[in-house]
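Structural description and commentary
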Amino acid sequence: MVNDRRSCHNRAMKKALPSCILFILIAIGTFYFFGPKDLFIKHQCDLQATGSCHSSIEGIDLDFKVLPLPLRATNEVTYQLKVDGVKVTKATIRLLGHDMRMQEEEQVFDLRRNNEGHLSASRIFPLCTEEVMIWRLYLIIEAEDITLRTLFNLRVERG
């Protein structure tokens, strides 16, 4: 009697297993095709030289500017972002100091809409004892069903 229950239970499990696997595969596929996308934007921009970068990906146009040039730790830097082709819900900049050992080695701040409808923010880089510091700028743009990411390296002179 006990063996009959076990064999009945085993047969039921063997029948249910393919259905469970199929359900899991459908769930993964649905999330992959209909869930939010995360795209990394590759570019050939020399933001340090020109102060601006234009990129396009999947029908989305991005214009990103950093002003004024040259970048100096004693000057306020303005970051400007214009995005066409998708409605931006949030844009964030993460500045990470390269090879720094100080408390302000990372800054994270959001870009806000200005009067012209563009996104912008202004900040001053922390001062450092080095004559030139390298900062990595991570730009994260969250939109309706997509997150766009890119990065730039910036050389900032002490002053």
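Higher on the page you've got the structure.
Keep in mind that this is a model prediction, so the values were computed, not measured.

1. Some details on the sheet that holds strand β1 (residues 37–40)
Within a sheet, neighbouring strands are paired by backbone hydrogen bonds and run either parallel or antiparallel to one another. Taking strand neighbours across the sheet as the criterion, the five strands line up as β1-β10-β9-β5-β6 in an open arrangement whose pairing is mixed. Strand pairing shows two members of the sheet lacking a second neighbour, β1 and β6 (106–110), which therefore form its edges. Going across the sheet, the axis of each strand differs from the next one's by a mean of 20°, ignoring polarity. Across 11 bridges, the pairing between strand β9 (residues 132–143) and strand β10 (residues 146–157) is antiparallel. Looking at β10, one finds that Ile-141 is bridged to Leu-148.

2. Quick notes on the environment of Leu-148
Relative to the helices and strands, Leu-148 resides in strand β10. Linking Leu-148 and Phe-40, residues 108 residues apart in sequence, is a C-alpha distance of 5.8 Å. Ignoring sequence-local partners within four residues, the contact set of Leu-148 consists of Leu-39, Ile-41, Ile-57, Ile-60, Leu-62, Leu-139, Ile-140 and Ile-141.

3. So, the state of the cysteines
In this structure the tally under the stated criterion is one disulfide. For Cys-45, the disulfide goes to Cys-53, at an S-S distance of 2.0 Å. An S-S torsion of about 65° defines the bridge between Cys-45 and Cys-53 as right-handed. Taking the relative accessible area as the measure of exposure, Cys-45 reaches 24% and is therefore partly exposed.

4. Some details on the pairing of β6
Burial along β6 is one-sided: Gln-107 and Phe-109 are buried, and none of Glu-106, Val-108 and Asp-110, which face the opposite way, are. Inspection of the sheet shows strand β5 (residues 88–97) paired to β6 by five bridges, in the antiparallel sense. Considered in β6, the bridge of Leu-96 is made with Glu-106.

5. Observations regarding the pairing of strand β3 (residues 60–67)
Here β3 shows a buried face lined by Ile-60, Leu-62, Phe-64 and Val-66 and an unburied face lined by Asp-61, Asp-63, Lys-65 and Leu-67. The pairing of strand β2 (residues 52–57) with β3 spans six bridges and is antiparallel. Bridge assignment links Cys-53 to a residue of β3, and that residue is Phe-64. Hairpin geometry of β2 and β3 is characterised by an intervening segment of two residues between the two adjacent antiparallel strands and by a positive phi of about 45° at Glu-58.

6. Some words on the packing of aromatic side chains
Within the structure shown, the criterion is met by three aromatic pairs. Consider the rings of Tyr-79 and Phe-109, whose centres lie 5.6 Å apart with planes at 50°: the pair is tilted. Placement of the pair is Tyr-79 in strand β4 (residues 76–84) and Phe-109 in strand β6, with a sequence separation of 30 residues. Sitting above the plane of the Tyr-138 ring, Arg-94 keeps its charged end 5.1 Å from the centroid.

Cut-offs applied
- Residues numbered from 1 in each chain as written.
- Predicted model: local features only at pLDDT ≥ 70, side-chain atom pairs only at ≥ 80, totals over all residues.
- Heavy atoms only, no water.
- Pairing = 2+ DSSP bridges.
- Helix = DSSP H or I, 4+ residues; strand = E, 2+ residues; numbered from the N terminus.
- Axes fitted to C-alpha atoms, helices over the stretch in contact; angles between N-to-C directions.
- Contact = heavy atoms within 4.5 Å.
- Disulfide = S-S within 2.5 Å.
- Buried < 20%, exposed > 50% of the residue type's maximum accessible area, 1.4 Å probe, protein only.
- Phe/Tyr/Trp six-rings, centres within 6.5 Å; stacked < 30°, edge-to-face > 60°.
- Lys NZ or Arg CZ within 6 Å of the ring centre and 35° of its normal.

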